[in-house]
Amino acid sequence: MTATATSTGSSPDSEKRLVLVSGRAHPALASAVSRELGVELVPTTAYDFANGEIYVRFGESVRGSDAFVLQSHTAPINEWIMEQLLMVDALKRASAKTITVIVPFYGYSRQDKKHRGREPISARLMADLFKTAGADRLMSVDLHTSQIQGFFNGPVDHLMALPLLASYVRSRVDVSKLTVVSPDAGRVRLADQWSDRLGAPLAIIHKRRDPSVPNQVKVHELVGDVTGRTCVLVDDMIDTGGTIVQAAEALFEHGAADVIVASTHAIMSGPAVDRLKNSRISEVVVSDTLPIPDDRQFPQLTVLSIAPLVARAIRQVFDDGSVTSLFDGNA
């Protein structure tokens, strides 16, 4: 298979040169980002050997360039992480001046601390791997927890999809009848940011998860009034859909008139599509940080492009500008 890379097409005499390299995980997003940047696609050879090992080679010189390596950590996640690490190593050995790793969805982000003894802190290991491979900078969208920014020993640009998602939700509902809902205690800060942006009241669903049984939750109680309200459930990711669907049912049981879900990362593992499609949720709004194949889409799903945001952030980094300015100074 062949992947693609992108470059500004600057002349060899230019003082600075931007190169955007894409892995094979999400070519549609890479193409959209390159269009937003106004760059041409440059071929990069990438394929798998018979035993599963990955081969990568760039089709043009990257010497002295400011390189941006874009890869979405989607399934099969370990394969795409390894491919991105190899791309970073290749850029370092090809004398790129700077290397920025762009991971719209940061793999292993949920393993950001030890819940019990003898567990790894996998999110920290991910940061160490990219640093060892040669990355100078890390860029991601809506990290599962903000502390992951401190795991990487270098600059981290933490982009937020909230303005994009909230703007869409505002255009779809009567904000005066809207309540922002956190599906669990861990998302309260995110829900609070949504509440401030939309000027809507906040409600919280309390749940308990059995740490020995992954992807299974039990909703317990609701804090806040949702009777007759349109509720927007906000989360950073939808994996199997269990948390969101149970939370939505709890809202309907407490008198909610309608439930909309807004989430940055649509992982959509296993039963997620069937759960969401067959639920009473009226719309599921996500970004395209992860690819969503045609067979994983359903009528209630709305996918918004994150490409303009990523492209603007790349341009700010390349031009030594302010990424924070993209979020009204709140990033």
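Details of the structure are given in the entry above.
Now for a description of the structure that goes with this document. Being a predicted model, the structure only gives us computed values, none of them experimental.

**With respect to the overall build of the protein chain**
Now for step 1: Along the protein chain, the regular secondary structure elements total 8 helices and 15 strands.
Now for step 2: For 331 residues, the compact-globule estimate of 2.2 N^0.38 gives 20 Å, and the protein chain sits close to it at 20 Å.
Now for step 3: In terms of overall dimensions, the protein chain has C-alpha extents of about 65 × 40 × 35 Å along its principal axes.
Now for step 4: Here the contacts in the protein chain between residues at least 6 apart in sequence split such that 64% fall between residues at least 24 apart.

**With respect to the nonpolar core**
Now for step 1: Ranked by size, the top nonpolar core spans 47 residues in total, and within it Val33, Leu159, Trp194 and Ile314 carry the most contacts.
Now for step 2: Top contributing element to this core by residue count: helix α8 (residues 307-318), with 8 residues.
Now for step 3: Contact partners of leucine 159, with chain neighbours within four places excluded, come to Met139, Ser140, Val141, Asp142, Leu309, Val310, Ala313, Val323 and Phe327.
Now for step 4: Among the nonpolar cores identified, the runner-up in size contains 31 residues, and Ile81, Leu85, Ala123 and Phe130 belong to it.

**Notes on the layout of surface pockets**
Now for step 1: Estimates place the volume of the second largest pocket at around 480 Å³.
Now for step 2: The wall of the second largest pocket is formed by 25 residues, among which Leu143, Ser146, His158, Arg189 and Gln193 lie closest to the centre.
Now for step 3: Put simply, the parts of the chain that give the lining of the second largest pocket at least two residues each are α4 (162-172), α5 (188-198), β12 (230-238) and β13 (258-266).
Now for step 4: Here the lining of the second largest pocket takes 4 residues from α5, the largest share from any one element.
Now for step 5: Classifying every residue of the lining of the second largest pocket gives 10 nonpolar, 10 polar and 5 charged.

**Here we look at the pattern of salt bridges**
Now for step 1: One pass over the structure, following the stated rule, counts 16 salt bridges.
Now for step 2: Linking aspartate 236 and arginine 187 is a salt bridge whose minimum nitrogen-to-oxygen distance equals 3.4 Å. A residue pair is termed long-range when its members are at least 10 positions apart, and aspartate 236 in strand β12 and arginine 187 in the loop between β9 (178-182) and α5 qualify at 49 residues. Here aspartate 236 matches arginine 187 in class, with each residue buried.

**Regarding unusual backbone geometry**
Now for step 1: Cis geometry is found at the peptide bond from alanine 75 to proline 76, where omega equals -5 degrees.
Now for step 2: Relative to the assigned elements, proline 76 resides in the loop between β5 (66-70) and α2 (77-93).
Now for step 3: We note that aspartate 142 has phi near 45 degrees; this positive angle belongs to a residue other than glycine.
Now for step 4: Turning to its location among the elements, aspartate 142 is positioned in the loop between β7 (137-141) and β8 (156-159).

**Regarding the side chain of histidine 265**
Now for step 1: Structurally, histidine 265 can be placed in strand β13.
Now for step 2: Setting aside residues no more than four positions away along its own chain, histidine 265 makes contact with Pro104, Phe105, Val141, Asp142, Asp236, Met237, Ile238, Thr289 and Leu290.

**Some points on the environment of valine 285**
Now for step 1: On the secondary structure map, valine 285 appears in strand β14 (residues 283-287).
Now for step 2: By relative accessible area, which is 0% here, valine 285 ends up buried.
Now for step 3: For the pair valine 285 and leucine 165, spaced 120 residues apart in the sequence, the C-alpha separation amounts to 7.2 Å.
Now for step 4: When near neighbours in sequence (up to four residues on either side) are disregarded, valine 285 contacts Leu165, Tyr168, Ile260, Val261, Ala262, Ser263, Thr302 and Leu304.

**Remarks on helix α3 (residues 122-133)**
Now for step 1: The end-to-end C-alpha distance of α3, which contains 12 residues, comes to 16 Å, matching closely the 16 Å that a straight helix rising 1.5 Å per residue would cover.
Now for step 2: Among all positions in α3, only Ser122, Ala123, Met126, Ala127, Phe130 and Ala133 are buried. One face of α3 carries all of its buried residues, which in axial projection span an arc of 150 degrees.
Now for step 3: On its buried side, α3 packs onto α2 and β6 (98-103).
Now for step 4: With its phi angle positive at about 130 degrees, glycine 134 sits one or two positions after the end of α3.

**Section: the packing of aromatic side chains**
Given two aromatic rings, their pairing is described by the distance between the two centres and the angle made by the two planes.
Now for step 1: By the definition in use, this model includes 3 aromatic pairs.
Now for step 2: Seen from their ring centres, tyrosine 47 and phenylalanine 49 are 5.6 Å apart, and the 75 degrees between their planes marks the pair as edge-to-face.
Now for step 3: The exposure class assigned to tyrosine 47 is partly exposed, which follows from its relative accessible area of 32%.
Now for step 4: Take phenylalanine 49: its relative accessible area is 38%, and that puts it in the partly exposed class.
Now for step 5: Taken together, the ring pairs connect Tyr47, Phe49 and Tyr55 into an aromatic cluster.
Now for step 6: Above the face of the phenylalanine 318 ring, lysine 16 is positioned so that its terminal group lies 4.5 Å from the ring centre.

The rules behind these values
Residues numbered from 1 in each chain as written. Predicted model: local features only at pLDDT ≥ 70, side-chain atom pairs only at ≥ 80, totals over all residues. Heavy atoms only, no water. Helix = DSSP H or I, 4+ residues; strand = E, 2+ residues; numbered from the N terminus. Rg over C-alpha atoms; globule rule 2.2 N^0.38 Å. Contact = heavy atoms within 4.5 Å. Core = buried A, V, L, I, M, F, W, Y, C linked by side-chain atoms within 4.5 Å. Buried < 20%, exposed > 50% of the residue type's maximum accessible area, 1.4 Å probe, protein only. 1 Å grid on protein atoms, 1.4 Å probe; cavity = no way out; pocket = protein on both sides within 12 Å on 5 of 7 lines; lining within 4 Å. Points joined across faces, edges and corners; volume = space filled by probe spheres on them. Nonpolar A, V, L, I, M, F, W, Y, C, P; charged D, E, K, R; others polar. Salt bridge = Lys/Arg side-chain N within 4 Å of Asp/Glu carboxyl O. Expected span 1.5 Å × (residues − 1). Arc of directions from axis to C-beta. Phe/Tyr/Trp six-rings, centres within 6.5 Å; stacked < 30°, edge-to-face > 60°. Lys NZ or Arg CZ within 6 Å of the ring centre and 35° of its normal.

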